[in-house]
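This is what each chain is made of:
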Amino acid sequence: MIEKRDVTLTINGTTHRVHVESRRTLVDVIRDDCGLTGTHAGCEHGVCGSCTVILDDTPVRACLMFAVQAEGHRIRTVEGLAEGDVLHPLQRAFMAHHGLQCGFCTPGFLMLATSVLERDPHIGDEELIDLLASNLCRCTGYQNIIKAVRAAAQEMRSRG
Amino acid sequence: MSVREPGQPDDTDVADARLYRVGKPCITWHIDWAREGFGTPSSMKPAPFRYHVPKSVDEAVALLAQLAPDDGRVLAGGQSLVPAMAFRLARPAHLIDINGIATLERLAADGSALTIGACVRHAAFHRPVADGPLGRLLASVVRHIAHYPIRTRGTFCGSLAHADPASEWCLVAATLGAEIAATSARGTRRIAAKDFFTGIMTTALADEELLAEARLPLLPAGTRFGFQEFNRRAGDFAIAMALAVYRVEDGVIADPRIGVGGAESCPRRLAEAERILKGQAPRGDLFRAAAGAAAAAIDPIEDPATPAEYRREVVAAVTRQALERAAP
């Protein structure tokens, strides 16, 4: 018997009530049931980081948890970064520094970098590079992603 | 292909068991599949299961007693189990999610040991969680475990229960002599790390037992440690790793502990290397001799990318480097 459950997810401050199988991963439910297709499903076994979302202020792989487990937690996805028409400093920096090419990995990198910079906008280069190694990008060679995150960090620091 | 039942030792071959691993690049999985004839994965979606959310340890072990015979399994961080389910290598009929049990989040040191509850995540160890050398040791090792977004979910105790040969925490547990609490509806038994790891991804834990907590002995002030791991990509599984822990008293090495992981089916201390170090002044040639003894003592596992003799040489290198890192 396939078990379905009522699940209430809070994504970018909005409540989504869905009725899903327990086996559905968080990334699939965010995309297919909540309609937020900014979060990408890549390898679906925790390696690539495309599906990275922020769960209660920490970055997680949304393919490695079930949607039923996310009930009662605050979820943030790439759709929640911009404020109205004003892009988040990281989004602008990725554009300015060519931190993306095909763009598939970008939402995952943005959410990873957002959580990292919110925790510590003064993060050192060595630690930053180590953290950005969590996600895979097959286009940029990472250098422009690192430049973009550094630039955004500077802007976020100057804003306080 | 066969899939290991939880807690049930079997003769599952190395390649089969290795497919449980998260973090392995897709391409190598597919090479394994092609070589081992497992066919191509037709789906990346877990098979159906029934989901249970106990609110207490009593409730969890009652559920385990009832559901373990029907292929019920514990879900903690899920960073190894969920990928195994995505590949349909694991198809548990029931998942018992322990993430909501507050008492399993305990992380506290008493006079002699650090207690780590089943829901303590890897990321908790980024900053020292105990005074003295143990907290620093754990903080230095944790950075080698996968990547940060995995460390925010994966748990220390989950790593022990999963018992991957290349698990850093399993090596720490074996080297420092952890004590593992296995709780079932019948009560709790405590298992020494040396008796806990019994094979590749196989432990002394029974199907209906929950690994409720692990206890690591605190290290006396002045204890020195060095950890060294070798892999081809940051965050990937270690080909071999070593943890060296000792004190220097009156100029000579006291209480040496040399643990090697990733090289055999289970991490373990190597008495052959420890004997060479004990009572001797720490110095380069002694470290090389101990590293050579460690390499000679192991029975290396082999996979298509890593021949056994290559792994043995890596053991010699990482053991020497771990000893040098620990040196005054």
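On a predicted model such as this, the values are computed, not experimentally measured, just so you know.

Calculation notes
Residues numbered from 1 in each chain as written. Chains lettered and ligands numbered in written order. Predicted model: local features only at pLDDT ≥ 70, side-chain atom pairs only at ≥ 80, totals over all residues. Helix = DSSP H or I, 4+ residues; strand = E, 2+ residues; numbered from the N terminus. Buried ≥ 20, exposed ≤ 12 C-beta atoms within 10 Å, placed from the backbone. Contact = placed C-beta atoms within 7 Å. Nonpolar A, V, L, I, M, F, W, Y, C, P; charged D, E, K, R; others polar. pLDDT = per-residue confidence, 0-100. Pairing = 2+ DSSP bridges. Domains from an automatic or database assignment. Axes fitted to C-alpha atoms, helices over the stretch in contact; angles between N-to-C directions. Core = buried A, V, L, I, M, F, W, Y, C linked by C-beta atoms within 7 Å.

Asker: What's the story with the overall build of chain B in this structure? I'm lost.
Answerer: Assigned secondary structure in chain B consists of twelve helices and 14 strands. Residues classed as buried in chain B amount to 51% of the 328 residues present. Restricting to contacts in chain B with at least 6 residues of sequence separation, those with at least 24 account for 63%.

Asker: What is the right way to look at the interface of chain B and chain A in this model?
Answerer: How big an interface is tends to be stated in terms of the accessible area lost upon association of its parts. Contact with chain B, which involves 27 residues of that partner, is made by 25 residues of chain A. Listed by contribution, the elements that provide at least two residues to the side of chain B that touches chain A are strand E1 (50–52), helix H4 (81–86) and helix H6 (148–151) of chain B. Of the residues contributing to the side of chain B that touches chain A, the split by class is 17 nonpolar, seven polar and three charged.

Asker: What should I look at first to understand the confidence of the model for chain B in this one?
Answerer: Do not read the fine detail of predicted coordinates wherever pLDDT is low. Residue and element names in this part refer to chain B. For chain B, the average pLDDT comes to 89, and 87% of its residues sit at 70 or higher. Segment residues 1–40: pLDDT under 50, and 62 contacts once partners within four positions in sequence are set aside and those in other chains are kept. Quick note on the complex model: pTM equals 0.91, ipTM equals 0.96.

Asker: Teacher, can you tell me more about the sheet that holds strand E13 (residues 252–261) of chain B here?
Answerer: Neighbouring strands of a sheet are bound in pairs by backbone hydrogen bonds; such pairs are parallel or else antiparallel. Residue and element names in this part refer to chain B. Overall, antiparallel pairing links the four strands, which are arranged E11-E12-E13-E14 in an open sheet. Two strands bound the open sheet, and with one partner strand each, they are strand E11 (224–230) and strand E14 (268–269). The pairing of E13 with E14 spans two bridges and is classified as antiparallel. Counterpart to Gly259 in the pairing with E14 is Arg269.

Asker: When you look at helix H8 (residues 168–176) of chain B in this model, what are you seeing that I'm missing?
Answerer: Three or four residues apart is the spacing at which side chains of an α-helix point the same way, because the helix has 3.6 residues per turn. The buried count for H8 of chain B comes to nine of nine residues, which makes it a mostly enclosed element. Buried residues of H8 of chain B: Glu168, Trp169, Cys170, Leu171, Val172, Ala173, Ala174, Thr175 and Leu176 of chain B, and no others.

Asker: Would you explain the domain arrangement of chain A in this entry?
Answerer: All names here are of chain A. You can read the domains of chain A as domain 1 (4–80) and domain 2 (89–159). Its C-alpha centre places domain 1 at a distance of 21 Å from the equivalent point of domain 2. Every element with two or more residues in the side of domain 1 that touches domain 2 is listed here: strand E3 (52–55) and strand E4 (58–61). No other element matches E3, which puts three residues into the side of domain 1 that touches domain 2.

Asker: How should the sheet that holds strand E3 (residues 94–97) of chain B be read in this particular structure?
Answerer: Residues and elements named next belong to chain B. Taken in spatial order, the three strands line up as E1-E3-E2 in an open sheet, and their pairing is parallel. Strands at the two margins of the open sheet, each flanked by one partner only, are E1 and strand E2 (72–75). The mean angle between the axes of side-by-side strands here comes to 25°, regardless of whether they run parallel or antiparallel. In this sheet, E3 lies alongside E2 in parallel orientation, the contact comprising four bridges. Bridge pairing in E3 links Gly72 to His94. Most of the contacts of helix H3 (residues 57–67) go to E3, to which it runs at about 170°, and overall it touches E1, E2 and E3.

Asker: Just to check I follow, could you spell out the nonpolar core for this structure?
Answerer: Across soluble globular proteins, nonpolar side chains show a tendency to be buried alongside one another. The biggest cluster of nonpolar side chains holds 146 residues, and the ones touching the most others in it are Leu160 and Ala294 of chain B. The residues contacting Leu160 of chain B, other than those within four sequence positions of it, are Trp169, Cys170, Ala173, Ile180, Leu211 and Ala214 of chain B.

Asker: What am I meant to see in unusual backbone geometry here?
Answerer: With the exception of glycine, the majority of residues adopt a negative phi angle, and the majority of peptide bonds are in the trans configuration. You will see that Glu44 of chain A, though not glycine, has its phi angle at about 60°, which is positive. Although it is not a glycine, Asp255 of chain B sits at a positive phi angle of roughly 50°. Here Asp255 of chain B shows up in strand E13.

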